[in-house]
Amino acid sequence: KQEVTQIPAALSVPEGENLVLNCSFTDSAIYNLQWFRQDPGKGLTSLLLIQSSQREQTSGRLNASLDKSSGRSTLYIAASQPGDSATYLCAVSSQAGTALIFGKGTTLSVSS
Amino acid sequence: KAGVTQTPRYLIKTRGQQVTLSCSPISGHRSVSWYQQTPGQGLQFLFEYFSETQRNKGNFPGRFSGRQFSNSRSEMNVSTLELGDSALYLCASSHLRQGRTGELFFGEGSRLTVL
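Overview of the structure. (Residues numbered from 1 in each chain as written. Chains lettered and ligands numbered in written order. Predicted model: local features only at pLDDT ≥ 70, side-chain atom pairs only at ≥ 80, totals over all residues. Heavy atoms only, no water.)

Quick notes on the sheet that holds strand β7 (residues 62-67) of chain A
All names here are of chain A. So the rule is basically this: Between any two strands, pairing holds if DSSP finds at least two bridges. Only DSSP runs of H or I reaching four residues or more are called helices, and only runs of E reaching two or more are called strands; each is numbered from the N terminus. In this description, a line fitted to the C-alpha atoms serves as the axis of each element, helices being fitted only across the stretch in contact, and the angle between N-to-C directions of two axes falls anywhere from 0 to 180 degrees.
Taken in spatial order, the five strands of this open sheet run β1-β3-β8-β7-β6, and their pairing is antiparallel. Either end of the sheet is taken by a strand with one partner, and the two such strands are β1 (4-7) and β6 (56-59). For this sheet the average axis-to-axis angle between neighbouring strands, irrespective of direction, equals 15 degrees. Two strands pair when backbone bridges link them, and β6 and β7 are joined in this way by four bridges, in the antiparallel orientation. Across the sheet, S59 pairs through a bridge with L62, a residue of β7.

Encoded structure:
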């Protein structure tokens, strides 16, 4: 049974810092991995999607990497801003569908 | 391009009642999936529909059901509500391509409170 773990559960950093969020999964037979952002009381916003054949994806200040063999993904946020404060969720798809298995998330707080 | 629209956004029900939630996917998306989010369990997959057919189902009791219409709009129904059904119910749509899993786009959710 696929399990997704995100460490740390919470993170506080000052504005301008570069930071890394971690995601690990137990079954390396994944189809893709997706990173989302969730603001309090809101839905999820897709940040990056990495297909199983890819090693990384970049969008603006965000870079996500995928290492299937070790069951790990990292989300790198460069030059953090207060507007980046949110909960970041990692999810994997283990079959050819859209049934994502989510981690519990990392709640990020960036202070100005 | 309009995003995923969920209605109602908030609702309060009492135990034993039933509830129907609605989801309109992004135009052109034929896949709709539903998730339940609670503080304790996090996000859990309920079911997925593609072209009016249920493709996948999560580990939830039969009180949870859904359907998809020919215009790709979807509804989910929860019967005989229990206190533990209080949650944020999220709908997501995807433009699946054959052999590839597409990116999911989520709505704002329907927050259900069961008293």
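Regarding the state of the cysteines
Under the convention used in this document: The rule for a disulfide is simple: a pair of cysteine sulfur atoms within 2.5 Å. Type-normalised accessible area, obtained with a 1.4 Å probe on protein chains alone, sets the label of each residue: buried when under 20%, exposed when over 50%, and partly exposed for intermediate values.
With the rule as written, the count across this model stands at two disulfides over all chains. Each sulfur of the disulfide joining C23(A) and C90(A) lies 1.9 Å from the other. Measuring handedness by torsion sign, the sulfur bridge of C23(A) and C90(A) sits at about -55 degrees and is left-handed. Separated by 67 residues along the polypeptide, C23(A) in strand β3 (residues 19-25) and C90(A) in strand β9 (residues 86-93) bring together distant segments of the chain. Residue C90(A) is classed as buried on the basis of its relative accessible area of 0%. At a sulfur-sulfur separation of 1.8 Å, the disulfide partner of C23(B) is C91(B). Judged by the sign of its S-S torsion, about -60 degrees, the bond between C23(B) and C91(B) is left-handed. Here C91(B) lies in strand β9 (residues 87-94) and C23(B) lies in strand β3 (residues 19-24), a separation of 68 residues in the sequence. Residue C23(B) shares its accessibility class with C91(B), and that shared class is buried.

Digging into the interface of chain B and chain A
Where we set the bar: In this description, contact between two residues means that some pair of their heavy atoms is separated by no more than 4.5 Å. When two parts are brought into contact, each loses some accessible area as probed by a 1.4 Å sphere; the total of that loss over both is the buried area. A pair is scored as a salt bridge if a Lys or Arg side-chain nitrogen falls within 4 Å of a carboxyl oxygen belonging to Asp or Glu. Under the rule applied, a polar contact is a pair of N or O atoms within 3.5 Å (in protein, one hydrogen donor and one hydrogen acceptor; residues adjacent in sequence only if both atoms are side-chain atoms). The residue classification treats Ala, Val, Leu, Ile, Met, Phe, Trp, Tyr, Cys and Pro as nonpolar and Asp, Glu, Lys and Arg as charged. All others, Gly included, are polar.
Counting from both sides, the interface comprises 26 residues of chain B and, opposite them, 22 residues of chain A. Carbon and sulfur atoms make up 48% of the surface buried where chain B meets chain A, a total of about 1,800 Å² over both sides. For the pair chain B and chain A, the interface holds one salt bridge. A salt bridge links K42(A) to E108(B), with the nearest nitrogen and oxygen atoms 4.0 Å apart. Counting across the interface, chain B meets chain A through five residue pairs in polar contact (both at pLDDT 80 or more). If you list the elements that add at least two residues to the side of chain B that touches chain A, you get β4 (31-38), β5 (42-50), β6 (53-57) and β9 of chain B. Its residues assigned to classes, the side of chain B that touches chain A comprises eight nonpolar, eleven polar and seven charged.

Examining the pairing of β3(B)
All names here are of chain B. The sheet contact formed by strand β1 (residues 5-7) and β3 spans three bridges and is antiparallel. Bridging from a neighbouring strand, Q6 pairs with C23 of β3. Where β3 and strand β8 (residues 74-78) come together, five bridges link them in antiparallel fashion. When the sheet's bridge partners are listed, C23 is paired in β8 with S74.

Some words on the packing of aromatic side chains
Under the convention used in this document: In summary, the pairing rule links any two rings of Phe, Tyr or Trp, Trp by its six-membered ring, whose centres are within 6.5 Å, and it sorts them by plane angle into stacked for under 30 degrees, edge-to-face for over 60 and tilted for everything else.
Tallying each qualifying case throughout the model produces eight aromatic pairs over all chains. With a centroid separation of 5.3 Å and 90 degrees between ring planes, the pair formed by F36(A) and F106(B) is classed as edge-to-face. In this pair, F36(A) is assigned in strand β4 (residues 32-38) and F106(B) in strand β10 (residues 105-106), connecting two distinct chains. Per residue, the accessibility class of F36(A) equals that of F106(B), and both read buried. With centroids separated by 6.3 Å and ring planes inclined at 75 degrees, the aromatic side chains of F102(A) and F106(B) adopt a geometry described as edge-to-face. Here F102(A), found in strand β10 (residues 100-102), pairs with F106(B), found in strand β10, and the two come from separate chains. Here F102(A) matches F106(B) in class, with each residue buried.

Shape descriptors only; they carry no functional weight alone.
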